[in-house]
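# Analysis of the macromolecular model
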Amino acid sequence: MEGRQVTLRQAQGSDTDGLVAIVTGGASGIGAAIAHRLHDDGVTVAVLDRDTSNADERFAAFTADVSDRASVDAAVAAVAERFGRIDIVVNNAGIGAQGDIAANDDDEWARVLSINVTGIARVTSAALPWLRKSPSAAVCNTASIASTTGLPQRALYSASKGAVAALTRAMAADHLREGIRVNAVNPGTADTPWVGRLLDSAADPAAERAALEARQPHGRLVSPDEVAAAVAYLVSPSAGSTTGTFIEVDGGMAQLRLRPE
Ligand code: NAD
C-alpha cells in the first residue's frame, strides 16, 4: 500500500436499486430475512441453498451445497446467466456443532469447516469475475458472536466462525484495489428455525426459551430482521468506505464483554 492511493469505488447514487445479490442459506432464518430486506431495497435476489423447498417464491432459487464446488460453480454460473450481473454476495449458509474439542470426529470437523469457512471461498471465488465488473461490489459474511468470544461447548463452531472473521479481513485486503468491499456481521443468539430446533429438543421448550432469553444481555433473542438491516447497510453504496469490519448484532454481548452463562 506504501505511497499508493487506494480507491474504493464510489457507486453512483446511494441505494442498491438494480443490483443483483446472491444470498447463501437464503431459504431460512437469517438468510431469508436478508433476502427479504435486500428485495425491499430494490435488489434482485438469488437464493442459493441446499434446500430450496421453503424459499420465498419471489426470489429465484438455485439449489447448491456450498461444500460442493461443482454445485456452487453451476449455481453461480446460472445466476449470472439469468441476471447478467452479480454485485453482492452474502455468505450466510452455516451449520452448528456442539461440544468441546473432543466431541466431534475428524469427519465432522471437516464437514463443518467445509460449509462454514471454505463455502465462503467457493461461492465468492466463483462470483469474483462478476464482482470485479460491478460498480458497487460488496461481500458480507455471517460470522457469529462465537467468532470473538469463543462459546462454551461450541469448540468446532467457534473455530469455524473465528476463521470466518480472519477470512473476512484477508478477503477485504486482497480485493480492496478491485473495489470489492468485504465485511461481516456477528449475530448473537437469533430467533431462527435453527434455534427453534434446538429448543424443541429440550424437555420443556417454553422454559428453555425463557431461560435462553434471560441469558441475553438485552433479555431477548436477536431478530433476524435486525441482522438483515446490518447486512443491508454493509452491502449498500452508503457503506462505500467501509471494508474489513464487523457489525455486532448481539445486544452488547461481545463489546460489553458479557458472556453467556
Ligand atoms: P437456519 O438453519 O435457520 O438456516 C440456514 C440455511 O442455510 C438453511 O436454509 C440451510 O438449508 C442452508 N444451508 C445449510 N448448509 C448449507 C450448505 N451446505 N449449502 C447451502 N445451504 C446450506 O440457520 P440460521 O440460524 O438462519 O443461521 C444462518 C447463519 O447465521 C449461519 O451461518 C449461522 O452460523 C449464523 N448464526 C446464527 C445464529 C443464531 O442464533 N441463529 C447466531 C449467530 C450466527
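Residues numbered from 1 in each chain as written. Predicted model: local features only at pLDDT ≥ 70, side-chain atom pairs only at ≥ 80, totals over all residues.

## Some points on the nonpolar core
Ranked by internal contacts, the top residues of the largest apolar core, which has 74 residues, are A21, I22, A46, V47, V90, V227 and V231. Looking at which element gives the most residues to this core, the answer is helix α3 (residues 106-133), with nine residues. Setting aside chain neighbours within four positions, we find V231 in contact with I34, V90, C140 and V185. (Core = buried A, V, L, I, M, F, W, Y, C linked by C-beta atoms within 7 Å. Buried ≥ 20, exposed ≤ 12 C-beta atoms within 10 Å, placed from the backbone. Helix = DSSP H or I, 4+ residues; strand = E, 2+ residues; numbered from the N terminus. Contact = placed C-beta atoms within 7 Å.)

## A word on helix α8 (residues 224-234)
Burial in α8 covers these residues: P224, V227, A228, A230, V231, A232 and L234. In this structure, the buried residues of α8 make contact with α1 (29-40), β4 (88-91), β5 (137-142), β6 (180-187) and β7 (246-249).

## Topic: the site of the ligand
The ligand sits among 27 residues. The nearest are G25, S28, G29, G94 and T192. Put simply, the parts of the chain that give the shell around the ligand at least two residues each are α1 and α6 (193-200). Looking at the shell around the ligand residue by residue, the classes come out as eleven nonpolar, twelve polar and four charged. (Near = placed C-beta within 6 Å. Nonpolar A, V, L, I, M, F, W, Y, C, P; charged D, E, K, R; others polar.)

## Quick notes on the UniProt feature "domain: Ketoreductase" (unreviewed entry) in the chain
If you check UniProt for "domain: Ketoreductase" (unreviewed entry), the listed places come out as residues 19-188 in our numbering. Spanning residues 19-188, this segment combines 47% helix with 19% strand, and its end C-alpha atoms are found 28 Å apart. (UniProt positions renumbered as here; feature names shortened; annotations may be inferred.)

## Some words on the sheet that holds β6
The seven strands are arranged β3-β2-β1-β4-β5-β6-β7 in an open sheet whose pairing can be described as parallel. Either end of the sheet is taken by a strand with one partner, and the two such strands are β3 (60-63) and β7. Adjacent strand axes in the sheet meet at a mean angle of 20 degrees when their direction is disregarded. Pairing analysis gives five bridges linking strand β1 (residues 20-24) to strand β2 (residues 44-49), with the strands arranged parallel. Following the sheet pairing, V20 is matched in β2 by T44. Sheet contacts for α3: β1, β4, β5 and β6; angle to β4, the most-contacted strand, approximately 180 degrees. (Pairing = 2+ DSSP bridges. Axes fitted to C-alpha atoms, helices over the stretch in contact; angles between N-to-C directions.)

## Let's talk about the pairing of β6
With respect to burial, β6 is a largely interior element, eight of its eight residues being buried. Along β6, one buried face is formed by I180, V182, A184 and N186 and the opposite face, lined by R181, N183, V185 and P187, is buried too. For β5 and β6, the ladder comprises six bridges, and the chain directions are parallel. Bridge pairing in β6 places C140 opposite N183.

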